[in-house]
Amino acid sequence: MWKKEIRLAGSGGQGLGLAATVLASAALQAGLYVTTLQSYGPEARGGASRSDVTLSDQDIANPWFSRPALLLALNQKSWAKFGGNLAEGALAVVDSNWVEAHEYPGVLALPLEQMAKAELREKIAANMVAVGVIGVLLDRLPLAILAEAAYLKAPKGFERINKAAVELGWHVMEQIKGGVEREHIGGA
Amino acid sequence: MNPGKALLRQDMMPHILCPGCGHGIVMSALVRVLAKRYASLDQVALVAGIGCSSRVVGYIDANTLHTTHGRALSFATGLKLARPELTVIVVTGDGDGLGIGGNHLIHAARRNVDLTCILFNNETYGMTGGQLAPTTVTQAFTTTTPYGNHESAFDATALVTAAGATFVARAQAYRPDLLEGLIEQALDHRGFSFLDVLTDCTEYFSRKNQLGAGSDLLFSQTRSDTEISLDLTEWPRLQEPDGFPVRNLMPMGVLHESNRPTLEEVMELPGYRPKEG
Amino acid sequence: MATELVSGNEACARGAMAAGCNFFGGYPISPSSEVAEALARLLPKNGGVFLQMEDEMGSLGSVLGASLGGAKAMTATSGPGFTLMQEHLGYATLAEIPCVVVDVMRVGPSTGVPTAPSQGDVMQARWGSHGDRAVIVLAPASVQEIYEMTIIAFNLAERLRTPVVLIYDEVLAHMRERVELLVPHQEDLWRRPKPSVPPGPGYRPYLANEEGVAPLPNFGDGYRFHVTGLMHDERGYPTTQAKAVSQLMSRLKNKMEPVTEWILPESYRLEDADLAFVAYGITARVAKEAVDRLRDAGILAGLFRPRLLWPVPVTDFQKLLGHAGIAVVAEMNQGQWVEVVERLAPRSMQVLGQGKLGGEPMTTEELMNVAETLMQKGARVL
């Protein structure tokens, strides 16, 4: 059984709900089982709101989890809240401009917001850049499906930008991954 | 014979009202108005809460709904919005409508649903044995104010006017002629219409305060066609030279009338036919 | 048919629309508000009425008034609001007014934790209103089932002229998962029985049919009948006669009986189970996963999941579960449905209540630990 518990965290308004929706829709499209669960009430409006996504190739019993296998933290507050409670061997993707998380071994610090701003002139699309990055890490969702989901679920006027942001994140992550693999091979 | 007798459920008699109670007079006026307007009450719904007043709807051969304490207006609102073509009349009491149901009353007034609310105001909780009501005048004795009422009474008409009712009137049991006219006006009105009808509880309120028999109470209410005496501020100095209790004058008749769209109109409900005016 | 990713609350609203709901009266409360928000969007577009009332008493009051006018009517609420609705739930039972009430369970008592899940309203749903009362309470365990059971709730409410309560917790309310929004056939949508006699002296509004249900015309159809929360006779007139009262109460109870045959529990790997979890709602999903993992570890576990909490599915319970040595009743409360299991369990069965409070759902590991500890103790009597 393959199962991945993903927590997308940041401040309310950083589009984590949409990121969850895009991941979940793409997963559905790819034939996976999926659940999402968002923080709710005053918590959702604060500085450390979260959107949880569970993907699996089998029925998912419980959408609720405390220790994700993959964490996205877009701000320091959410890293502080969720970074210390990860599953064994978990990966964390953080926005390097906003989050200091050096001490954690599985952390991947990327300037998500800066990338979105530089390439797409929309720093708000950082969430979709992150979705692209996560897509590569998951290794289950084809880019075409993920980008299409980003396009379909985007707010009016953001369809192309969000799709491009997913592609941007994907390609950057592919390069990093390739680099890591080459390095690994080279070192061996 | 009351022309409305054919509209009564004879097989539900005898009714539960006490001898001398003013409620029967108010009900009678309502039935006469209905008889004048409708050959059959197929399209009329009478909705009531809990209390002596609320029991009267059962005696009338209409679509009758005897609900829970204070909540008649919420049932009536749902019914009216689901069936906008029905004429919906709410019968409530002062405890029912202003005490436990006060919240529903102000919101019904605010929504301006096209229904008529007739509040039988006898200044006490009659069904439960004559306790303090939100309309009981200061210093009056009830079974729960053995040392006299420390609180002030609601003016229901001012309350619903402030809340947004578009037709507000006061009437009294002693002048059924005027009462009938006001019920007709209320039914003609487009929007939330409210009638504060002063009646009397002979069995409890009168006995506790030594106000005399039903007829004494009725006479004590009257002053003129435009005013009614109710507010017993001189309490407990009850007796006037003519033997009737002293009551302050309160205005009677139409107290407020305004015109704004009903909720049915704003919601554009099919089946709702707004009245003229 | 459309497959969509929707939340439990959205699925509830969509189910209501599929069932033909055309009136909603409600009051905002976490974590149920999205049901109201969705219906505020959907109802007016489809000829229905959405009404936000001043409180929960008024909400259910408006629903009952609309239902008497012929509407398929519902409300949705949570913990404290459900408490405020108890008076009108009792009224709807006695006056026999069809309606659907959704209660999204949150941590209580009182304001509690408004945003966190619990299963603490199970007994309130059963006994919350004063007086003796037969009730129907449905407990879905997935977003798909919320959609389907909302339709079923309307069917039961209409056919049996009674309030039907649908309860689920905050996690199910807010979780999104894949749902197939099957559109029911018109003939599968039950409607309240209508009188076979014309209006007039022969019509008795509370004279029951062969199912124990009195046909219900709409207000305005010409029948001019009386509806009251007082005990009443077949004419609908108030009565205090002991015989009439007890007959009415018996009929209201007996008419619910077929429901246990219509809404069957889920039985999962119970055939040879030594240890049976009994769980409903979100907890049942967790228990189901625990069953599989326990079996992988060599423990014969199974799951009995009531989809109908009230009336209690007595026959199914005894048929499916009677042979298990241990029943672990897992629920997010201090022990509510466990009392039912204790009552139904054969003497040979050890019944253990496994509660969890605090607003976090039970986990698979927690349930596995409980099961493993029990089995190590050799509690199985064979």
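Everything quoted here is computed from the prediction, not taken from an experiment.

Parameters at a glance
Residues numbered from 1 in each chain as written. Chains lettered and ligands numbered in written order. Predicted model: local features only at pLDDT ≥ 70, side-chain atom pairs only at ≥ 80, totals over all residues. Heavy atoms only, no water. Contact = heavy atoms within 4.5 Å. Buried area = accessible area lost by both parts, 1.4 Å probe. Salt bridge = Lys/Arg side-chain N within 4 Å of Asp/Glu carboxyl O. Polar contact = N/O pair within 3.5 Å; in protein donor to acceptor, adjacent residues only side chain to side chain. Helix = DSSP H or I, 4+ residues; strand = E, 2+ residues; numbered from the N terminus. Nonpolar A, V, L, I, M, F, W, Y, C, P; charged D, E, K, R; others polar. Pairing = 2+ DSSP bridges. Axes fitted to C-alpha atoms, helices over the stretch in contact; angles between N-to-C directions. Parallel < 35°, antiparallel > 145°, perpendicular 65-115°, else oblique. pLDDT = per-residue confidence, 0-100. Domains from an automatic or database assignment.

A. Quick look at the interface of chain B and chain C. Facing 37 residues of chain B, the contacting portion of chain C comprises 36 residues. Looking at the side of chain B facing chain C, the largest losses of area belong to His66(B), Phe75(B) and Arg83(B), adding up to 17% of the total buried there. For Asp11(B), the salt bridge is made with Arg235(C), and the minimal N-O distance between the two is 3.9 Å. The tally of links between chain B and chain C comes to 21 residue pairs in polar contact (both at pLDDT 80 or more). Taken together, the elements giving at least two residues each to the side of chain B that touches chain C come down to strand S2 (63-66), helix H3 (72-82) and helix H5 (102-111) of chain B. By residue number, the principal contributor to the side of chain B that touches chain C is H3(B), which donates seven residues. Here the side of chain B that touches chain C is composed, by residue class, of 14 nonpolar, 15 polar and eight charged. Bridge analysis of S2(B) against strand S10 (residues 226-228) of chain C gives three bridges, and the strand direction is parallel. Pairing of His66(B) across the sheet is with Thr228(C), part of S10(C).

B. Fine view of the packing of helix H3 (residues 56-68) of chain C against helix H5 (residues 86-95) of chain C. Residues and elements named next belong to chain C. As a packed pair, H3 and H5 sit with axes 8 Å apart at the nearest point and diverge in direction by 20°. The orientation of H3 relative to H5 falls into the category roughly parallel. Between H3, through Met 57, Leu 60, Gly 61 and Leu 64, and H5, the contact on the second element is made entirely by Glu 87, His 88, Leu 89, Tyr 91 and Ala 92. Its residues placed into classes, the contact of H3 with H5 shows six nonpolar, two polar and one charged.

C. Broad picture of the confidence of the model for chain C. The pLDDT averaged across chain C works out to 96; a share of 98% of its residues lies at or above 70. On the interface metric, ipTM, the complex scores 0.96, and its pTM is 0.95.

D. Inspection of the environment of Val57(B) at higher detail. Tracing the backbone shows Val57(B) in the loop between helix H2 (52-55) and S2. Measuring from C-alpha to C-alpha, the distance between Val57(B) and Ile89(B) comes to 9.6 Å, with 32 residues separating the pair along the chain. What Val57(B) contacts, discounting residues up to four positions off in sequence, is Arg9(B), Leu46(B), Val47(B), Ala48(B), Thr64(B), Leu65(B), Val91(B) and His226(C).

E. Up close: the domain arrangement of chain C. Residues and elements named next belong to chain C. The domain boundaries assigned to chain C delineate domain 1 (2-188) and domain 2 (264-376). Using only C-alpha atoms to locate each centre, domain 1 and domain 2 end up separated by 26 Å. In this assembly, domain 1 packs against domain 2 so that about 1,900 Å² is buried in total across both faces, 59% of it on carbon and sulfur atoms. Interface area lost by domain 1 to domain 2 is led by Gln 119, Val 122 and Met 123, which between them contribute 31%. Taken together, the links from domain 1 to domain 2 amount to three salt bridges. Between Arg 305 and Glu 145 there is a salt bridge whose closest N-O contact spans 2.8 Å. On inspection of domain 1 and its partner domain 2, the count reaches 16 residue pairs in polar contact (both at pLDDT 80 or more). Looking at the side of domain 1 that touches domain 2, the elements that each hand over two or more residues are strand S6 (113-117), helix H6 (122-127), strand S7 (136-138), helix H7 (143-160), strand S8 (163-169) and helix H8 (170-174).

F. The arrangement of the interface of chain A and chain C in detail. Between chain A and chain C, the contact holds 20 residues from the first and 21 residues from the second. Summing both sides of the interface, chain A and chain C together bury roughly 1,600 Å²; the carbon and sulfur share of this comes to 60%. Looking at the side of chain A facing chain C, the largest losses of area belong to Tyr40(A), Ala61(A) and Trp64(A), adding up to 40% of the total buried there. For the interface between chain A and chain C, the tally reads one salt bridge. In this structure, Glu289(C) engages Lys3(A) in a salt bridge whose closest nitrogen and oxygen atoms are separated by 3.7 Å. Across the contact surface, chain A and chain C share five residue pairs in polar contact (both at pLDDT 80 or more). Of all the secondary-structure elements, those providing two or more residues to the side of chain A that touches chain C are helix H1 (16-29) and strand S2 (33-38) of chain A. Broken down by element, the residue count for the side of chain A that touches chain C peaks at six residues, all from H1(A). Broken down by class, the residue content of the side of chain A that touches chain C amounts to 11 nonpolar, eight polar and one charged. Bridge count between S2(A) and strand S9 (residues 176-181) of chain C: two bridges; the pairing is antiparallel. Bridged to Thr35(A) within S9(C) is Glu177(C).

G. Broad picture of the arrangement of the chains. Contacts are most numerous between chains B and C, taken over all two pairs of chains that touch. Here chain A and chain B are not in contact; the least distance found between their C-alpha atoms is 27 Å.

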